[in-house]
Amino acid sequence: MQYRQARYDEPLLSEISSGNDYHHVESGAAIPESLRRKSLDIPSVAEYDVVRHYTRLSQMNYAVDIGMYPLGSCTMKLNPKFADRISSMPEFSTVHPLAPEESVQGNLRVMYELQEFLKKISDMDAVSLQPLAGAHGEYTGILIARKYHEVHGELERRREVIIPDSAHGTNPASAAMAGFDVVEIPSSPDGMVDMGALRAALSDRTALFMITNPNTLGIFEDRILEIADLVHSAGALLYYDGANFNAILGKTSPGLMGFDIVHFNLHKTFATPHGGGGPGSGPVGVRGELRDYLPVPVVEYDGKAYHLNYDLRHTIGAVSSYYGSFLMHLRAWAYILYHGGNGLTRNTERAVLNTNYLAKRLSGAYRIPYKPLKKHEVVVSSDSTGRRAQDIAKYILDNGMHPPTVYFPLIVHEALMIEPTETVSKADLDRYADIMLEAAREDPEGLKRMPLNTAVGRIDEVRAAREPKLRW
Ligand SMILES: Cc1ncc(COP(=O)(O)O)c(C=O)c1O
């Protein structure tokens, strides 16, 4: 087709009926007088002012490159620098997504091998790399369950997704977005799934039970096989929120635990950056016949070459443009190869050891609800100190470290949820414990005025959330 260049006074693209060939805006098209600026209000600043301004701004921030960042549930480990280097290589970063298959065999191989690694790690039968974040992976997994029930003629009846009250907020949100009714069940006094409540909630209306293991309290659900049996006997599917994979790598897997669908948060477990719901990657793995429902394309290998397969029998379609976040796949692939199976297992062991060490040091002053032995994260309550979790967090900030997640999960009063990960030294763990123990002894009124040493003092958090000012 010959593309004719559009002029500024022609209709907007959205107003053009299909069949027209308005595809490009002429670069030199005259801008009408009324829309032209008379002058540009650009400040004239010396290089030294610009450099110092941005350097100062960068110093006002806190980052994993500065120190420990133990936000529970977020797995803020230090991502190795080789992953940055590899994903910046122009050989990878400048490839066009529509390049012919035969010219990008290396990239397809990376994606194929990552699919295979994730299959092995999770004991699932097939993996799609398409979703772009953990929550997006959840949504994709739930759409798969939905289509599965539809194909089996049960969707009209199976309208419910059961989720424990300790779950991450994205779980019920994803289920609701996929059109299901959310049924919340309480946790038992030991911080695990209340089996009685689960039995009572399961019925022929259940489409899915969603759970993460270890759960958000850092506790391993040791009745998981019994849970899987109960869910499957009700004709429902079992969904694994893989956000907490860092706690189980090489030790067990969702497949061994009886799960049918799983998402991975590559940006938590496998060296890709974390932030703002992305730029992440949330691949989905499935078992058995569910492989036909995955989003397309999936990468396949016929023994000679790698191909993109768009033709899966019951596919839910594409959930992102092209193939997902390729550069994130690359980072995760490199991270897995770098550590190898034994290395990944050692990371998990170290993450769990670090958590339990910290929990032990804090246990004199802070209340540790539920079972004492944790996996990758521990939730402590500051109510035993007579101080609020928020004030303890500000004290930690004032002492140059990042506070834990606070007030989540909701089932723990004055919760501080700490996930040190494997990428901290014992010296840093000790420093962190010392600061938290000091905070528990600090004058409660003084704590309320903190932080005093940070670039920004205490802000009105409720107002900031309700009336965000997103522009200068
Ligand atoms: C347990 C759990 N599930 C799901 C998510 C959602 O992941 P994402 O932030 O990639 O959307 C998170 C994120 O922190 C999480 O901790």
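Conventions we followed
- Residues numbered from 1 in each chain as written.
- Predicted model: local features only at pLDDT ≥ 70, side-chain atom pairs only at ≥ 80, totals over all residues.
- Heavy atoms only, no water.
- UniProt positions renumbered as here; feature names shortened; annotations may be inferred.
- Helix = DSSP H or I, 4+ residues; strand = E, 2+ residues; numbered from the N terminus.
- Buried < 20%, exposed > 50% of the residue type's maximum accessible area, 1.4 Å probe, protein only.
- Contact = heavy atoms within 4.5 Å.
- Polar contact = N/O pair within 3.5 Å; in protein donor to acceptor, adjacent residues only side chain to side chain.
- Core = buried A, V, L, I, M, F, W, Y, C linked by side-chain atoms within 4.5 Å.
- Pairing = 2+ DSSP bridges.
- Axes fitted to C-alpha atoms, helices over the stretch in contact; angles between N-to-C directions.
- Parallel < 35°, antiparallel > 145°, perpendicular 65-115°, else oblique.
- Left-handed = near helix turned anticlockwise from the far one by under 90°.
- Nonpolar A, V, L, I, M, F, W, Y, C, P; charged D, E, K, R; others polar.
- Arc of directions from axis to C-beta.
- Salt bridge = Lys/Arg side-chain N within 4 Å of Asp/Glu carboxyl O.

A word on the UniProt feature "modified residue: N6-(pyridoxal phosphate)lysine" (unreviewed entry) in the protein
Following the UniProt record, the feature "modified residue: N6-(pyridoxal phosphate)lysine" (unreviewed entry) maps to Lys268 here. With respect to the element layout, Lys268 can be found in helix α10 (residues 266-269). By relative accessible area, which is 8% here, Lys268 ends up buried. Leave out the neighbours within four places in its chain, and Lys268 touches Ser73, Cys74, Thr75, Lys77, Ala243 and His274. Polar contacts involving the side chain of Lys268 include one to the main-chain carbonyl oxygen of Ser73, which spans 2.3 Å.

Remarks on the nonpolar core
In this structure, Leu118, Phe209, Ile227 and Phe270 are the most contacted members of the largest nonpolar core, which totals 55 residues. If one sorts the elements of this core by residue count, helix α11 (residues 326-362) sits on top with 8 residues. What Phe270 contacts, discounting residues up to four positions off in sequence, is Leu118, Ile121, Leu249, Phe264, Arg331, Ala332, Tyr335 and Ile336. Counting residues in each nonpolar core, the second largest holds 29 residues, with Ile392, Tyr395, Val424 and Ile435 among its members.

Some details on the sheet that holds strand β12 (residues 378-381)
Strand order in this open sheet of 3 strands is β12-β14-β13, and the pairing throughout is antiparallel. In this open sheet, the two strands that pair with only one neighbour each are β12 and β13 (405-406). Of the pairings in the sheet, the one linking β12 to strand β14 (residues 415-418) comprises 4 bridges and is antiparallel in character. Residue Val378 lies in a different strand from β14, and its bridge partner there is Ile418.

Side note on the packing of α11 against helix α13 (residues 426-441)
Between two packed helices, both the angle of their axes relative to each other and the distance between the axes serve to describe the pair. As a packed pair, α11 and α13 sit with axes 10 Å apart at the nearest point and diverge in direction by 30 degrees. With respect to α13, the element α11 is oriented roughly parallel. Judged by the twist between their axes, the crossing of α11 over α13 is right-handed. Contacts from Asn354, Tyr357, Leu358, Arg361 and Leu362 of α11 reach α13 at Lys426, Leu429, Asp430, Tyr432, Ala433, Asp434, Met436 and Leu437. When its residues are assigned to classes, the contact of α11 with α13 shows 8 nonpolar, 1 polar and 4 charged.

Re helix α8 (residues 224-233)
Those residues of α8 that sit buried are Ile224, Ile227, Ala228 and Val231. Buried positions in α8, seen along its axis, are confined to an arc of 100 degrees and lie on one side of it. Residues of α8 that are exposed and point over 90 degrees away from its buried face: Leu225, Asp229 and Ser233. Buried residues along α8 sit against α7 (195-201), β6 (206-211), β7 (237-242) and α9 (254-257). Among the residues trailing α8, Gly235 stands out with phi positive, at a value near 80 degrees.

Quick word on the pattern of salt bridges
Applying the stated rule across the entire model yields 26 salt bridges. For Lys371, the salt bridge goes to Asp222, with nearest N and O atoms at 3.2 Å. Remark: Asp222 occurs in the loop between β6 and α8 and Lys371 occurs in the loop between α11 and β12; sequence separation between them is 149 residues. Through salt bridges that share partners, Asp65, Lys81, Asp84 and Arg331 make up one connected network.

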